[in-house]
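# Topology and contacts: notes
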Amino acid sequence: MNALTRRDLGRLAALSLLGSAGLAACAGSRTAEGEGDQPPKAVDKLTFALGAAPRSLDPAHGFDADSATVLTAMYDQLLVMSADGKLTNHLAEEWSQPTPTTYVYQLRDGVTFWDGTKLTAQDVVFSLERHRDAEVASEYSIYYTKVKSIEATGEREVTITLTKPDPFFAYVPALVGPIVNEAFVRKQGKEFGTPTGLTLGTGPYKIVSYSTSDGAKIVRNDSYWGPKPAIREISFDVITDPESLRLAMRSNQVGATRSIPLDTAPQWDQLESVEVTYARAPNLVYLSFDVLTKPWDDVHVRRAVSHAVDRAGLVNALYHGHARAPKSPVAEDYWNQLLSPDEVTALYDGLPAYDFDLEKAKSELAQSAHPDGFTATVRYTAADTVVAKTLQNLAENLKQLNVTLKLQGLGGTTATSELYGHKSLGLRVAYFAPDYPDPATFLSLGLGKAQMIENGWNFANFTTPEIETLLQTQESSTDPEIRRPALEQLTKIMAEEQPYAALFMYDVSLALSKDLTYDGDYSIWSLYPSQLVAKLGPAKS
């Protein structure tokens, strides 16, 4: 869910603001490290459409998808994630975990910033320490709460020590660790990351210009240590209206975007000049029931509502095949490193199913404290048409249970502020995108008292002594043999108690002009700092 207020450019009026054409060709060929310095044969320029401009070029203040699309083109990290979610070396040519609380990274030699300054271990320490600095107020600070120290322990060695074992920390350098130049940041002071101060990174692209309303322009870093990007110049332009975006892609004024509303997928698929890639992803839409308020404190009411959702019908109507109806908010994909495929199947086969069945819904409601029905209100973002249609369908189904569900549409900022402020929770619709491929990515946020606070993710306010013990068990060890049974039990409890009713898991998408191709397998993990736009290049003829 994006909480940003996005500027509405209008429909066709936006097209005149796009600047250069979506694609412009030139000569050359793409090269990889060690293959020489031949100038890349490439599409010379590309316009990449965003839903909003980057909020900052300071990586500590760019925690949203549109900002990340730009920032990841300019910064390197110690590690990145492959398309299947596995950690891959990047600025760190190797890394190790000698103790449960110690991570040691050996830096790649010969890496320089855009101005030719050599990358040092101290630059890495400074970059990561910023996320622990209260004065920086990094949006990523929560990922560093268990860090005890970050030290340069050699000319090209950085050691991170934790206060206690953290099974998720291995992913942090790949998720939230862009490396900046310490001297440049200190020199720019408060101007760092602004349109005036800009930035200095080691990544495959260099910043040219930046506006907090109109977007940014970057050019290829021809001294980059890694594979050279094929496209020389990329303009990131803001288009907020979906139909304007589609028309811009059709007319080749935009060459690429990730901002495709899946409810319009058939219209996009009909564009002759555009190829849309859809990748299965555990992006979750779900109902949240605040168990501290009536009638949602009654498990039979929650189960009744869950049975009243026509997930399969809504998936077909709203997502046109680019989503699935999950059995649990915890995606089956998260278990790959903890369970075998057969074990995953056995776990999910054993969970209670909440298929669309109004007779079962009536049976559950009859066992509740509200057997004759009730009236409730659900507050949601009015502009979210997928959620609005889902709730309208649910309200119609609930009428057959003598339940009146009143829909109250809100502005996006108000709805988001209320949700994260834990105000008037009741029944809500929420979105969730995972940080890392592990079942705890949802369980550790959606359950437990630690998240029952403002800006916490336990919107259901759901916990028990058993849940607290299980959460502590899986968080206190990196041993899969200890974590696995705790995570399995948490998943079972959540399925039985239904503090959350999973609605859909929808695909990620990438629309490219047919003159372009993406180098690699596109997945949800491609959206994380793995330099998405640097992997774009000319399509093979």
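As the structure is a computational prediction, the values presented were derived from the model and not from experiment.

### Section: the overall build of the chain
In terms of helices and strands, the chain carries 16 helices and 20 strands. Relative to the compact-globule value of 24 Å for 541 residues, the chain shows a C-alpha radius of gyration of 24 Å, a close match. Dimensions of the chain, computed from C-alpha atoms along their principal axes, come out at roughly 75 × 55 × 45 Å. The buried share among the 541 residues of the chain stands at 57%. Counted over contacts in the chain with a minimum sequence separation of 6, partners at least 24 positions apart contribute 69%. For the chain, the accessible surface area stands at approximately 22,100 Å², while carbon and sulfur atoms represent 48% of it.

### Some points on the sheet that holds strand β5 (residues 92-99)
Taken together, the four strands give an open sheet; going across it, the order is β5-β6-β8-β7, and neighbouring strands pair in antiparallel fashion. Of all the strands in the sheet, just β5 and β7 (147-154) have a single pairing partner and so form its edges. Across the sheet, the mean angle from the axis of one strand to that of its neighbour is 20 degrees, orientation sign disregarded. Most of the contacts of helix α3 (residues 121-129) go to β7, to which it runs at about 170 degrees, and overall it touches β6 (102-107), β7 and β8 (157-162).

### Quick look at α3
Most of α3 sits out of view: seven of its nine residues are buried. Tucked into the core, α3 has its buried residues touching β6, β7, β8 and α5 (182-188).

### Things to note about the side chain of Arg303
Checked against the element boundaries, Arg303 lands in helix α8 (residues 299-307). When its relative accessible area of 16% is taken as the criterion, Arg303 is described as buried.

### Concerning the side chain of Ser477
Note that Ser477 resides in the loop between α15 (465-475) and α16 (480-497). Here the side chain of Ser477 touches Asp479 through a polar contact of 2.9 Å, landing on its backbone nitrogen.

### Here's the deal with the pairing of strand β9 (residues 205-211)
Here β9 runs beside strand β10 (residues 215-220); their pairing, made up of six bridges, is antiparallel. When the sheet's bridge partners are listed, Ser209 is paired in β10 with Lys217. From the end of β9 to the start of β10, which pair antiparallel, there are three residues.

### Regarding the UniProt feature "domain: Solute-binding protein family" (unreviewed entry) in the chain
UniProt records the feature "domain: Solute-binding protein family" (unreviewed entry) at residues 87-450, using the numbering of this structure. In the segment residues 87-450, helix accounts for 28% and strand for 25%; the C-alpha atoms at its two ends are 28 Å apart.

### Considering α16
It helps to recall that an α-helix has 3.6 residues per turn; residues three or four apart then point in one direction. The end-to-end C-alpha distance of α16 is 25 Å, a good match for the 26 Å that 18 residues give at a rise of 1.5 Å each. Taken together, the buried positions of α16 are Arg483, Arg484, Ala486, Leu487, Leu490, Thr491, Ile493, Met494 and Ala495. The inward-facing, buried residues of α16 contact α14 (440-446), α15 and β18 (500-513). The opening residue of α16, the one whose side-chain oxygen lies 2.9 Å from the backbone nitrogen of Glu481, is Asp479. Backbone geometry just after α16 places Gln498 at a positive phi near 50 degrees.

### Quick word on the pattern of salt bridges
Per the counting criterion, the structure on display carries 23 salt bridges. Of the charged contacts, one joins Arg132 and Glu129 as a salt bridge, the two residues approaching to 3.0 Å between their closest N and O atoms. Judged by relative accessible area, which is 33%, Arg132 ranks as partly exposed. The shortest N-O distance in the salt bridge between Asp222 and Arg220 comes to 2.8 Å.

The rules we used
Residues numbered from 1 in each chain as written. Predicted model: local features only at pLDDT ≥ 70, side-chain atom pairs only at ≥ 80, totals over all residues. Heavy atoms only, no water. Helix = DSSP H or I, 4+ residues; strand = E, 2+ residues; numbered from the N terminus. Rg over C-alpha atoms; globule rule 2.2 N^0.38 Å. Buried < 20%, exposed > 50% of the residue type's maximum accessible area, 1.4 Å probe, protein only. Contact = heavy atoms within 4.5 Å. Areas by Shrake-Rupley, 256 points an atom, 1.4 Å probe, with all protein chains shown as cover. Pairing = 2+ DSSP bridges. Axes fitted to C-alpha atoms, helices over the stretch in contact; angles between N-to-C directions. Polar contact = N/O pair within 3.5 Å; in protein donor to acceptor, adjacent residues only side chain to side chain. UniProt positions renumbered as here; feature names shortened; annotations may be inferred. Expected span 1.5 Å × (residues − 1). Salt bridge = Lys/Arg side-chain N within 4 Å of Asp/Glu carboxyl O.

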